[in-house]
Amino acid sequence: MTAPLLIFFVLAALAVLGAISLIVQRHPIHSALSLIVVMVALAGLYLLMGAEFVAAVQIIVYGGAIMVLFVFVIMLLNAGEEERTNSSKLATYAGIPLAVAVAGFIGAAIVRSSGSLAAPAPSGALTSTKALSMLLFSEFVYPFELTSFLILVAILGAIVLAQREN
Amino acid sequence: MNAFLTQYAFLIVPIIKIAILILIVLTVDAYLTWIERKVIAHIQARWGPHRVGPHGLLQPLADGVKFIFKEDPLPANVDKVAYFLAPFITLMLALTSLAVIPFGPQRFTVFGYKTHVGVAEVNISLLVLFAITALGVYGVALAGWASNNKYSLLGGLRSSAQMISYELALTLSVVGVLLIAGDFSLRGIVEKQTGSGHGLLSWNIFPQIIGFLCFFIAAIAETNRVPFDLPEAESELVAGFHTEYASMKFAMFFIAEYTSMITVSCLATILFFGGWLSPFPASWTFTQYLPSLILIPFGLWVIFDGVRYENLLGRILLPGVGAALTAIGAGLIVVPPVNDVIQGVFWFMAKVFTFLFVYIWMRGTLPRFRYDQLMSFGWKFLLPVSIANVVLTSVVILWRMH
């Protein structure tokens, strides 16, 4: 087993365990912490694939900014432990079969593509930040600008909602 | 044995470097507390620590022993996982952030493995550093929340809000430097400042003075130091987020705080003050001997001060330290190769310690912000000024290109 593959499995296991813990934990803060583990593990996976800029941004934006806001809001609201209820009818009759089906599809896909699992990453080659930004600001400039416009609209919406009525 | 070393050099060399760096940083942290207490004492016309060892020089050692042997009570109804995790996260992230900082220009080969003065060399070291800083909030926020104490919670909340607010200004203030250097790696940024050999005139501080002021203010806020130490404002919140922590766990928060001070000082040195570059033009050969010229008189002064110290221990210890310093200074003149190697590290250390002194100086001089002042200053002043700096720098660069 090569080193990149070993690291891949460690990070993947960490991400999956974090995701399971996110759902199983009863306290919102613990769930949020599990989500941070998932984010950091994903950043490690990006790094393994040679996307160092994306990895750093993943941690800065998701791990740093967004999750800090989550944790901040949970603390501010002083949210306590959640109470468990019986699963609703929708969950029992539609949710569980659907989850099983999705798991089956993913499992089948993994089993079929077992040949390419051995090489999850082009080892050693890093995508330079310069090349990435060149692409972002030339070929993909319209999607990029549209996305930023979308975020701007969302910010304006948040301000309008948060504004006190005079 | 040799074949083994060569084969696993990529693993062994970094581990040795990490061990050396951690040893140095922890020692500097310990003596930084001594320097801080001494400097603040002299600002306030007191003597500061001077009981344990000559001039209180053994005080950090005594503090360390105290931290290890102190009782470590667990408050009732704390969230155990988060309570134990918080100091570890804080310390781990603070120490990790030092890994990407290059301390000198040299590259050398150990066991056939090419390495440099510093632990890791990454293409995007600045972004890695910001990523680690961004995670630093969790330690403080979790400590405040997990302690099951209202004051701690308020401290943690204040800290998260403050760090989110000032992180934006911190990141935006260095964009100007990045535009000038065209490089995310800290080594590349320093090498760009070599310029045409005019010494300090080609440092980034002159075109980026606004960026530097924004960076330093935001960085002080990020490290929770005076005048931005609201998360631990003792007159309002007892001790803020670390009220319920004692013994080694408290020490871990403390070490983390001092380590982040060192990281920020290193970063300011690298980004704006030419890193390991000498402030004098390369043609001035006498600057090669400046480390010796500083060390020898200082060592002689320590000997002179030591022989008339008030107790016997000081009369033995201080002249010994002074003699060692003088000997190192003289040795640097006698052995030119070592002198050449030490140049970069000397200037780097000199600049870092200047910033650390400024940190302490500010603590001795400035009053604490009020919370609403802190927020309006960060969002309504620092952030717009940093953005204006980015726009201004880009316009100038574009104008020069055409």
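Rules and cut-offs
Residues numbered from 1 in each chain as written. Chains lettered and ligands numbered in written order. Predicted model: local features only at pLDDT ≥ 70, side-chain atom pairs only at ≥ 80, totals over all residues. Heavy atoms only, no water. Helix = DSSP H or I, 4+ residues; strand = E, 2+ residues; numbered from the N terminus. Rg over C-alpha atoms; globule rule 2.2 N^0.38 Å. Buried < 20%, exposed > 50% of the residue type's maximum accessible area, 1.4 Å probe, protein only. Contact = heavy atoms within 4.5 Å. Areas by Shrake-Rupley, 256 points an atom, 1.4 Å probe, with all protein chains shown as cover. Lys, Arg positive; Asp, Glu negative; His and termini not counted. Charge placed at Lys NZ, Arg CZ, Asp CG, Glu CD. Core = buried A, V, L, I, M, F, W, Y, C linked by side-chain atoms within 4.5 Å. Phe/Tyr/Trp six-rings, centres within 6.5 Å; stacked < 30°, edge-to-face > 60°. Domains from an automatic or database assignment. pLDDT = per-residue confidence, 0-100. Salt bridge = Lys/Arg side-chain N within 4 Å of Asp/Glu carboxyl O. Polar contact = N/O pair within 3.5 Å; in protein donor to acceptor, adjacent residues only side chain to side chain. Patch = residues over 30% accessible without salt bridge, like charges linked within 9 Å, V, L, I, M, F, W, Y side chains within 5 Å.

Q: How should I be thinking about the overall build of chain B in this particular structure?
A: Summing up its helical and strand segments, chain B has 16 helices and two strands in all. For 402 residues, the compact-globule estimate of 2.2 N^0.38 gives 21 Å, and the C-alpha radius of gyration of chain B, at 23 Å, lies within 12% of that figure. Its C-alpha atoms give chain B principal-axis dimensions of about 70 × 60 × 55 Å. Looking at chain B residue by residue over its 402 residues, the buried ones come to 50%. Of the contacts formed within chain B by residues at least 6 apart in sequence, a portion of 79% connects residues at least 24 apart. About 19,300 Å² of surface is accessible on chain B, with carbon and sulfur atoms providing 73% of the total. Looking at charge distribution, chain B has the averaged site of its 24 positive side-chain charges lying 4 Å from that of its 21 negative ones.

Q: Can you help me understand the overall build of chain A in this one?
A: The helix and strand tally for chain A stands at six helices and zero strands. Across the 166 residues in chain A, those meeting the buried criterion constitute 23%. Relative to all contacts within chain A whose residues are 6 or more apart in sequence, the contacts with residues 24 or more apart total 66%. Element-wise, carbon and sulfur atoms account for 74% of the exposed surface of chain A, whose accessible area totals about 11,800 Å².

Q: What is the right way to read the nonpolar core from this model?
A: When a protein is soluble and globular, its nonpolar side chains tend to lie buried together. All names here are of chain B. Counting 101 residues, the largest nonpolar core has Ile101 and Leu271 as its most contacted members. By residue number, the principal contributor to this core is helix α12 (residues 247–272), which donates 13 residues. Once you skip the residues sitting within four places of it in the chain, Leu271 turns out to touch Leu126, Val174, Val177, Leu186, Ile189, Gln193, Asn204 and Phe215.

Q: Is there a simple way to think about the packing of aromatic side chains in this case?
A: The way to describe two aromatic rings as a pair is by their centre distance and the angle between their planes. All names here are of chain B. Scanning the model with the defined rule gives 26 aromatic pairs over all chains in all. Taken together, a centroid distance of 5.6 Å and an interplanar angle of 85° make the contact between Tyr83 and Phe84 edge-to-face. Among the residues examined, Tyr83 registers a relative accessible area of 0% and is labelled buried. Judged by centre distance (5.5 Å) and plane angle (50°), the rings of Phe215 and Phe272 are tilted. One end of the pair, Phe215, is in helix α10 (residues 209–222); the other, Phe272, is in helix α12, with 57 residues separating them in the sequence. Classification of Phe272 as buried rests on a relative accessible area of 0%.

Q: Help me understand the domain arrangement of chain A in this model?
A: When the parts come together, some accessible area is lost, and that loss is often what is quoted as the size of the interface. Split by domain assignment, chain A resolves into domain 1 (1–80) and domain 2 (127–166). Between domain 1 of chain A and domain 2 of chain A, the C-alpha centre-to-centre distance is 23 Å.

Q: What is the right way to read the environment of Gly139 of chain B from this model?
A: All names here are of chain B. Counting through the fold element by element, Gly139 comes out in helix α6 (residues 137–146). Classification of Gly139 by relative accessible area gives buried; the value is 0%. Taking the C-alpha atoms as reference, Gly139 lies 18 Å from Ile262; in sequence the two are 123 residues apart. Those residues within four positions of Gly139 in sequence are excluded, and the remaining contacts are Ala86, Ile89, Thr90 and Phe253.

Q: Before we go on, may I ask you to explain the confidence of the model for chain B in this structure?
A: Of all residues in chain B, 99% attain a pLDDT of 70 or more, and the chain-wide mean is 84. Reported confidence for the predicted complex is 0.76 by ipTM and 0.85 by pTM.

Q: Where do I start with the side chain of Asp29 of chain B in this structure?
A: Residue and element names in this part refer to chain B. Structurally, Asp29 can be placed in helix α2 (residues 9–43). For the buried residue Asp29, which engages in no salt bridge, the nearest side chain bearing the opposite charge is Arg225, 9.9 Å off. Engagement of the side chain of Asp29 in a polar contact is seen with the side chain of Thr259, the distance being 2.8 Å. Apart from residues lying up to four places away in sequence, Asp29 is in contact with Ile255, Tyr258, Thr259 and Ile262.

Q: Could you clarify how one ought to interpret a nonpolar patch on the surface in this entry?
A: All names here are of chain B. Residues Trp284, Phe286, Tyr289, Leu293, Ile333, Val334, Val335 and Val338 make up a contiguous nonpolar surface patch of about 760 Å² in total accessible area. Residue position: Ile333 is located in helix α14 (residues 312–334). The exposure class of Ile333 is partly exposed, given its relative accessible area of 42%.

Q: Could you clarify how one ought to interpret the confidence of the model for chain A in this entry?
A: In low-pLDDT segments, the atomic positions of the prediction should not be examined closely. When the pLDDT values of chain A are averaged, the result is 82; 90% of them are 70 or greater. Of all helices and strands in chain A, the one with the weakest mean pLDDT is helix α5 (residues 129–138) of chain A (83), whereas helix α6 (residues 141–162) of chain A scores best (90).

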